[in-house]
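# Secondary and tertiary structure notes
Now for the letters of each chain:
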Amino acid sequence: MRRLPPLTALEAFVQVARLGSVKAAAEELALSTPALSRRVQALERFIGRPLFDRKHQALELNPDGQRLLSNIAPALDVLSIAVEEVQKDNNQMRLRLGVLPLFASQRLFPRMGELRRLHPNLHLDVETTPHSISRLGEGLDAAIVLAEDVEPSLYAHELDRDEVYLIASRDLVHGPNAITKAEQIGKMTILIHREMPASFDAWKQAAGLPDLEPAAVDNFDSGPLMLEAVAQGLGVAFMHASHFHQAKDDRIVRLFDVPVESPYRYWFVCRPKALQNRAVKIFHDWLTSADI
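The structure reproduced in this document is the subject of the present report.

So, how was this worked out
Residues numbered from 1 in each chain as written. Predicted model: local features only at pLDDT ≥ 70, side-chain atom pairs only at ≥ 80, totals over all residues. Heavy atoms only, no water. Helix = DSSP H or I, 4+ residues; strand = E, 2+ residues; numbered from the N terminus. Rg over C-alpha atoms; globule rule 2.2 N^0.38 Å. Buried < 20%, exposed > 50% of the residue type's maximum accessible area, 1.4 Å probe, protein only. Salt bridge = Lys/Arg side-chain N within 4 Å of Asp/Glu carboxyl O. Phe/Tyr/Trp six-rings, centres within 6.5 Å; stacked < 30°, edge-to-face > 60°. Contact = heavy atoms within 4.5 Å. Pairing = 2+ DSSP bridges. Axes fitted to C-alpha atoms, helices over the stretch in contact; angles between N-to-C directions.

### Considering the overall build of the protein chain
Within the protein chain one finds 10 helices and 12 strands. Rg of the C-alpha trace for the protein chain: 24 Å, well past the compact-globule value of 19 Å for 292 residues, more than 25% over. Taken along the three principal axes of its C-alpha coordinates, the protein chain extends 80 × 50 × 30 Å. Burial status across the protein chain gives 44% buried among its 292 residues.

Right, here's the structure in full:
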C-alpha cells in the first residue's frame, strides 16, 4: 500500500480549507493555532508543495490545495460514515474517556451499573492519565476534569461546585500534640493535588491567615493516594468536601469548620463536534441528568 500522510494532518487541512480560517479550524478541532498550523505544514512537507497562499494572517487555497480538497474531503466523509456503519453492525458503541481516579472510584463507577442497564451496548475505555484535555480528539473522545474553567473552544458542562476541606488523620486531633489551631499548619507537611494547586491559598485566605506557610508541600496526582497518605499521618490535605465525605474512612477527619468555596469544579469536556458521536452524546446526556 502506498504510504499516506497522517489522518490528523488531512483533517486539519480540510477544516482550514472549509472554514477559511486557521483560528476557526483550531477551535473546531480543540487545538492551539500553532498546533494546527504544524499539522498543515506537515502535510505540505509530505506532499512536497504548498497548499495555501499565505497572505499576512490569512491562508487561501491555491490550485494544488483546491484539487486536493476536492479529492480527499468526500473520501474523509465516506471514511467517517464507514466507521459508523461498522460500529452499528457490531451493535457496540465505545467511548474513550479520560477521568481522574477519585471521581471514577467515588462517583462514576458506583453508578455505572445504571448506565449499563440503560445502554448495554455502550462500553468505556477509561484512562486516568493527567492532562486529558490536551488529548481530546487524539486518543480521547471526552474527559471529566477538575479545573477552574475550560477554554471556550471546547464544549464544557459544569458538573458540581464544592468546598475546600482541610483533612487530617484522626490521630492528629488527639493527644498532647493535637492540632487545635489553624496556625499549627505552619509546622506541617501539606498535601496538594496537581489539579488543585490554588486550594491551599483559597483555604488560608478564608481562614484569615494569608501569610501562613507550611513546613513543606508534597504534590500528588492521585486523589486516592492522597487520602491514604493522610490516613497514614503523612501530612494534611486540602481536598474537596465530596472527596472527604465519599471516602467514608474513619481514619480521617476534617479540621476546622472554615467555609471555603473551591476555585475548582468538575467538568465534562469534549470537542464540540464530538457530541455528534452517538457514544459521546449518550454518555453526556446520562452524566448531566444523573445525580453524580
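### Considerations on the pattern of salt bridges
Two side chains carrying opposite charge are able to pair once their charged atoms lie near each other. Taken as a whole and judged by the stated rule, the model has 18 salt bridges. The partner of arginine 49 in a salt bridge is aspartate 64, and the shortest N-O contact between them spans 3.6 Å. Here arginine 49, found in the loop between helix H3 (33-47) and strand S1 (52-55), pairs with aspartate 64, found in helix H4 (residues 63-89); they are 15 residues apart in sequence, far enough to count as distant. Two residues, glutamate 158 and arginine 161, come together in a salt bridge whose shortest N-O distance is 2.9 Å. Its relative accessible area of 54% is what places arginine 161 among the exposed residues. Taken together, the shared-partner salt bridges connect Glu158, Arg161, Glu261 and Arg265 into one network.

### Points about the packing of aromatic side chains
Per the counting criterion, the structure on display carries 9 aromatic pairs. Taken together, a centroid distance of 5.6 Å and an interplanar angle of 65° make the contact between phenylalanine 13 and phenylalanine 52 edge-to-face. A residue pair is termed long-range when its members are at least 10 positions apart, and phenylalanine 13 in helix H1 (residues 7-19) and phenylalanine 52 in strand S1 qualify at 39 residues. The residues phenylalanine 13 and phenylalanine 52 share a single accessibility class, namely buried. Taking 5.9 Å as the distance between ring centres and 50° as the angle between the ring planes, the aromatic pair formed by tyrosine 165 and phenylalanine 244 counts as tilted. On the criterion of sequence distance, the pair formed by tyrosine 165 in strand S7 (residues 164-169) and phenylalanine 244 in helix H9 (residues 241-247) is long-range, its members being 79 residues apart. Note on accessibility: tyrosine 165 and phenylalanine 244 belong to one class, buried.

### A closer look at the side chain of serine 199
Within the secondary structure layout, serine 199 lies in helix H7 (residues 199-206). The residues touching serine 199, leaving out its near neighbours within four places in the chain, are Val164, Ile192, Phe238 and Tyr264.

### Focus on the sheet that holds strand S12 (residues 265-270)
Note: strands within a sheet are paired through backbone hydrogen bonds, in either parallel or antiparallel orientation. Strand order across the open sheet formed by 5 strands is S4-S3-S5-S12-S6, with mixed pairing between neighbours. Single-partner strands in this sheet number two, and they are strand S4 (122-127) and strand S6 (155-158). Mean inter-strand twist for the sheet, computed between neighbouring axes without regard to direction, equals 25°. Bridge count for strand S3 (residues 93-99) against strand S5 (residues 142-147) is 3 bridges, and the pairing is parallel. Among the inter-strand pairings, valine 99 is bridged to a residue of S5, identified as isoleucine 144. Of the strands in this sheet, S3, S4, S5, S6 and S12 touch helix H10 (residues 278-289), which is tilted by about 55° from S3.

### Some points on the sheet that holds strand S11 (residues 252-255)
The 5 strands are arranged S9-S8-S10-S7-S11 in an open sheet whose pairing can be described as mixed. Strands with a single pairing partner mark the edges of an open sheet, and in this sheet they are strand S9 (216-220) and S11. Across the sheet, the mean angle from the axis of one strand to that of its neighbour is 35°, orientation sign disregarded. Relative to S9, strand S8 (residues 189-193) runs parallel, the two being bridged by 5 bridges. Bridging from a neighbouring strand, threonine 189 pairs with alanine 216 of S9. With respect to the sheet, helix H8 (residues 223-231) is in contact with S7, S8, S9, strand S10 (236-240) and S11, its orientation differing from that of S10 by roughly 140°.

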